[in-house]
Amino acid sequence: MTDRISHWIDGKPFAGAAQRGGDVFDPATGEVRAKVDFAGEHEIAQAVAAASAALPGWRGTSLAARTRILFAFRELLVARKHELAKIVTSEHGKVESDAAGEIARAIENVEYACGAAQLLKGGFSENASTGVDVYSIAQPLGVVGVISPFNFPAMVPLWFVPNALACGNTVVLKPSEKDPSAANFIAELFAEAGLPAGVLNVLHGDKVAVDGLLEHRDVKAISFVGSTPIARYVYETATRNGKRVQALGGAKNHMVVLPDADLDLAADAAVSAGFGSAGERCMAVSVVVAVDPVGDELVRKIAERIAKLRVGDGRKPTSEMGPLVTRAHHERVESYVDAGVSAGATLVVDGRGVEVDGEPGGFWLGPTLFDHVRPEMPVYTDEIFGPVLSVARADSYEAALELVNANAYGNGTAIFTGDGAAARRFQNEVEVGMVGINVPIPVPVSYYSFGGWKDSLFGDSHAYGPEGFHFFTRTKVVTSRWPDRSHAGVNLGFPKNS
Ligand code: NAD
């Protein structure tokens, strides 16, 4: 018997017609652990209707009451984070300590949203013109759709949902069909925290559910995170339908190592950021750019560290790296190892023969290292999204920068150096949205905002933080004068300030 995972609509589980569904794997065994329902027209309509019906009550709920629910949710999330981490590991495969890290970063976003009363304050200009006051009010957009990827099934929904709710919107969340259970757990915790029915709904499914949200006239905005082709499609389709959209896409993150860098620290960072979560992070380092003459020594140090990594079932505390998420993804990632070899890159460590502490049926691929990767090779051009790290060589800082800036993606990047002037020059010249200086995974804290440049983000708002609040509100500016006789009389001229 496998579990069945259904939608969460109007404050309770919603089975729907369940005409279509998908398999949810346990990636460490390769077995199907559950079946998830895929929404059709009926379920989409029900979810949006529930969110629409809940909107007047929720947008009219005081800031104090909304914030209290967010605080209560935060407490429940802290209390039950281990349970949630286990759910993430069971469907995603990442090791439990890594899942706990994802939840810790998610909690930061809930804490940020708890500051709504301060963050939603408008401006007030007394006597902007004689006897006239001008002020601004930030109001919710209405029903918003959140569409999330498989790789952070708890954190990415919580990049958006708390801020959207804090701003007075109601939400339909469409999580990844590969690891859907975390979203239901989150919705249940929100209900326990006192969130009224219909304010947060979870709609499971695939393209049909996504298209339903993109086309629904009552959905006013879409926050999307996923691969670049789908992000572009979501942006184009939803904007064509008149919605506000932020669509975060894929990545190919470069870590530049200058000759003066501490090579042990750089090798530690490359291995941690390259193979954490089996490389299934949009901020994973996938290309190390070694600036001459440090390439050979750096590759040797990275390979030494890889040899000590323990690959295994994420539920075992000894495992440092888990399996890939699905069989199909495993096959795709493995095909890039073949492609790298065919293209002439040097295969320094081959993860295909890795020794694993887990079931043989799991979707295993060990850490893989290529050296002498060139920009025209598929291992360089494509986002692999697995434990495959490429090293490219550059003969100068300028050549390294040119490589990073020529890449179509611009999500994250890092520079490793002890030279402050070089780091400062890099932060100024690099065309990437998030930059680390001796920090390999520069995910901004919750009170900044997260987002890449170029093909890594479509739309103009980054996720969470101040830009998140901006995205989930629209501003009204009120110009007010209380009647007095000083402005009596007809005047057809355009109003001037006096
Ligand atoms: P994906 O694009 O396959 O799926 C993302 C979402 O889109 C899912 O909810 C999925 O159901 C839906 N979807 C898939 N195909 C669709 C289609 N044809 N039409 C409409 N909707 C569709 O991405 P994924 O494999 O789940 O996640 C990995 C990708 O997400 C990587 O490319 C990674 O870089 C990216 N990502 C980016 C960020 C970021 O902040 N930029 C963060 C996390 C992940």
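Along each chain, the written sequence defines residue order, and numbers are assigned to residues from 1. Residues qualify for local features only when their pLDDT is at least 70, as the model is predicted, and side-chain atom pairs are given and counted only at 80 or more; totals for whole chains, interfaces and linings, by contrast, use all residues.

1. A word on the overall build of the protein
The helix and strand tally for the protein stands at 16 helices and 25 strands. For a compact globule of 498 residues, the expected C-alpha radius of gyration is about 23 Å, and the protein comes in at 25 Å, within 12% of that figure. The principal-axis extents of the C-alpha atoms in the protein amount to approximately 85 × 60 × 40 Å. Exposure classification rests on a simple neighbour count of other C-beta atoms within 10 Å of a residue's own: a residue reaching 20 or more is buried, one at 12 or fewer is exposed, and one in between is partly exposed. C-beta atoms are placed from the backbone. A burial count over the protein gives 53% of its 498 residues as buried. Of the contacts made within the protein by residues no fewer than 6 positions apart, 72% connect residues no fewer than 24 positions apart. Under the DSSP-based scheme used, a helix requires at least four consecutive residues in state H or I and a strand at least two consecutive residues in state E, with every element numbered from the N terminus. Between the two quantities, the radius of gyration covers C-alpha atoms and the globule rule is 2.2 Å times the number of residues to the power 0.38. Residue pairs are scored as contacts if the distance between their C-beta atoms, which are placed from the backbone, is within 7 Å.

2. A few points about the domain arrangement of the protein
Start and end positions for the domains come from either an automated domain assignment or a database one. The assigned domain composition of the protein is domain 1 (3-249 + 456-479) and domain 2 (253-437). Once you take the C-alpha centre of each, domain 1 and domain 2 turn out to be 31 Å apart. With 18 residues of domain 1 in contact, the opposing surface of domain 2 contributes 26 residues. Those elements that place two or more of their residues in the side of domain 1 that touches domain 2 are α3 (81-92) and α4 (96-113). For the side of domain 1 that touches domain 2, the class distribution of residues is 6 nonpolar, 7 polar and 5 charged. Classification used: nonpolar for Ala, Val, Leu, Ile, Met, Phe, Trp, Tyr, Cys and Pro, charged for Asp, Glu, Lys and Arg, polar for all others including Gly.

3. Section: the sheet that holds strand β7 (residues 132-140)
The pairing criterion for strands is at least two bridges between them, as found by DSSP. Within the open sheet, the 3 strands sit side by side as β6-β7-β25. Their pairing is antiparallel. The open sheet has two free edges, formed respectively by β6 (124-129) and β25 (473-481), since each of these has just one partner strand. Pairwise comparison of adjacent strand axes, ignoring direction, gives a mean angle of 30° for this sheet. When β6 meets β7, the two strands line up antiparallel, connected through 3 bridges. Bridging across to β7, serine 129 finds its partner in valine 132. For helices, the axis comes from a line fit to the C-alpha atoms of the stretch in contact; other axes are also lines fit to C-alpha atoms, and the angle between any two N-to-C directions lies between 0 and 180 degrees.

4. Re the site of the ligand
In the vicinity of the ligand there are 27 residues, among which Pro149, Gly226, Ser227, Gly250 and Cys282 approach most closely. By residue class, the composition of the shell around the ligand is 12 nonpolar, 10 polar and 5 charged. The criterion for a residue being near a molecule or strand is simple: its C-beta atom, placed using the backbone, must lie within 6 Å of it.

5. Details of the environment of glycine 366
Tracing the chain through its elements places glycine 366 in the loop between β17 (356-357) and β18 (368-371). When the C-alpha positions of glycine 366 and glutamate 355 are compared, they lie 7.9 Å apart, and in sequence the two are 11 residues distant. In contact with glycine 366, not counting residues within four places along its chain, are Val311, Gly351, Val354 and Pro387.

6. Observations concerning the sheet that holds strand β4 (residues 20-26)
If you walk across this open sheet you meet the 3 strands as β1-β5-β4, and the pairing is mixed. Unpaired on one side and paired on the other, β1 (3-5) and β4 mark the two borders of the sheet. Each strand of the sheet is rotated relative to its neighbour by a mean of 30°, with strand direction disregarded. As defined by bridge partners, β4 adjoins strand β5 (residues 31-38) across 7 bridges and the pair is classed as antiparallel. Pairing of glycine 22 across the sheet is with valine 36, part of β5.

7. Some thoughts on the nonpolar core
A set of buried Ala, Val, Leu, Ile, Met, Phe, Trp, Tyr and Cys residues, joined to one another through C-beta atoms within 7 Å, is what we call a nonpolar core. Membership of the largest hydrophobic core comes to 86 residues, with the highest contact counts inside it found for Ala154, Val171, Ile222 and Val234. Sort the elements by how many residues they give to this core and helix α6 (residues 155-166) lands first, with 9 residues. Setting aside its immediate chain neighbours within four residues, valine 171 contacts Ala51, Val144, Val146, Val161, Ala164, Leu165, Leu200 and Asn201. Membership of the second largest hydrophobic core comes to 66 residues, among which are Ala345, Phe426, Val432 and Met434.

8. A short note on the UniProt feature "domain: Aldehyde dehydrogenase" (unreviewed entry) in the protein
UniProt positions are given in the numbering used here, feature names are shortened, and annotations may be inferred rather than shown by experiment. The UniProt record annotates "domain: Aldehyde dehydrogenase" (unreviewed entry) at residues 22-478. Secondary structure across residues 22-478 comprises 42% helix and 23% strand; the distance between its end C-alpha atoms is 50 Å.

9. Quick look at unusual backbone geometry
For residues that are not glycine, phi is negative in most cases, and the peptide bond is trans in most cases. Looking along the chain, the bond that leaves aspartate 292 and enters proline 293 is cis, with omega of 10°. As for its placement among the helices and strands, proline 293 is situated in the loop between β14 (285-291) and α11 (295-307). The phi dihedral of asparagine 127 is positive, around 60°, even though this residue is not glycine. Although it is not a glycine, lysine 454 adopts a positive phi angle of roughly 50°. With respect to the helices, strands and loops of the structure, lysine 454 is situated in strand β23 (residues 453-454). A tally of 17 C-beta atoms within 10 Å means that lysine 454 is categorised as partly exposed.

10. Some points on the packing of α3 against helix α7 (residues 181-192)
Interaxial distance between α3 and α7 falls to 9 Å at its minimum, and their mutual angle equals 160°. By the criterion of interaxial angle, the relationship of α3 to α7 is roughly antiparallel. Considering how the two elements wind past one another, α3 and α7 form a crossing that is right-handed. Residues Leu84, Ile87, Val88 and Glu91 of α3 form the contact with α7, whose participating residues are Ser181, Ala182 and Phe185. By residue class, the composition of the contact of α3 with α7 is 5 nonpolar, 1 polar and 1 charged. Roughly parallel means an angle under 35 degrees; roughly antiparallel means over 145; roughly perpendicular covers 65 to 115; every other angle is labelled oblique. Helix crossings get a hand from a simple test, with the near helix turned counterclockwise from the far one by less than a right angle marking a left-handed crossing and a clockwise turn marking a right-handed one.

11. Quick notes on helix α12 (residues 327-343)
Side chains of residues three or four places apart in an α-helix project in the same direction, reflecting 3.6 residues per turn. What a helix is expected to span follows from its residue count: subtract one and scale by 1.5 Å. Across its 17 residues, α12 extends 24 Å between first and last C-alpha, which sits within 8% of the 24 Å expected from 1.5 Å per residue. For α12, the complete set of buried residues consists of His329, His330, Val333, Glu334, Tyr336, Val337 and Gly340. Buried residues of α12, seen end-on, are gathered within an arc of 140° and therefore sit on one face of the element. Facing away from the buried side of α12 by more than 90 degrees, the exposed set consists of Ala328, Glu331, Ser335, Asp338 and Ser342. Looking at the buried side of α12, the elements it contacts are β16 (346-349), β18, α13 (378-381) and β19 (388-394). The directions from the helix axis to the C-beta atoms are what the arc is built from.

12. Some details on the pairing of strand β9 (residues 170-174)
When you tally the buried positions in β9, you get 5 out of 5 residues, the bulk of the element. Burial along β9 is two-sided: the face carrying Thr170, Val172 and Lys174 and the face carrying Val171 and Leu173 are both buried. Bridge count for strand β8 (residues 143-147) against β9 is 5 bridges, and the pairing is parallel. Each bridged residue has a counterpart across the sheet, and for valine 146 the counterpart in β9 is leucine 173. Tracing the backbone out of β8, into α6 and back to the parallel element β9 gives a crossover that is right-handed. Judged from the 3 bridges that link them, β9 and strand β10 (residues 200-202) form a sheet pairing that is parallel. Across the sheet, residue valine 171 finds its bridge partner in β10, namely leucine 200. Seen with its strands pointing away from the viewer, a crossover is right-handed if its path from the first strand over the helix to the second goes clockwise. Tracing the backbone out of β9, into α7 and back to the parallel element β10 gives a crossover that is right-handed.

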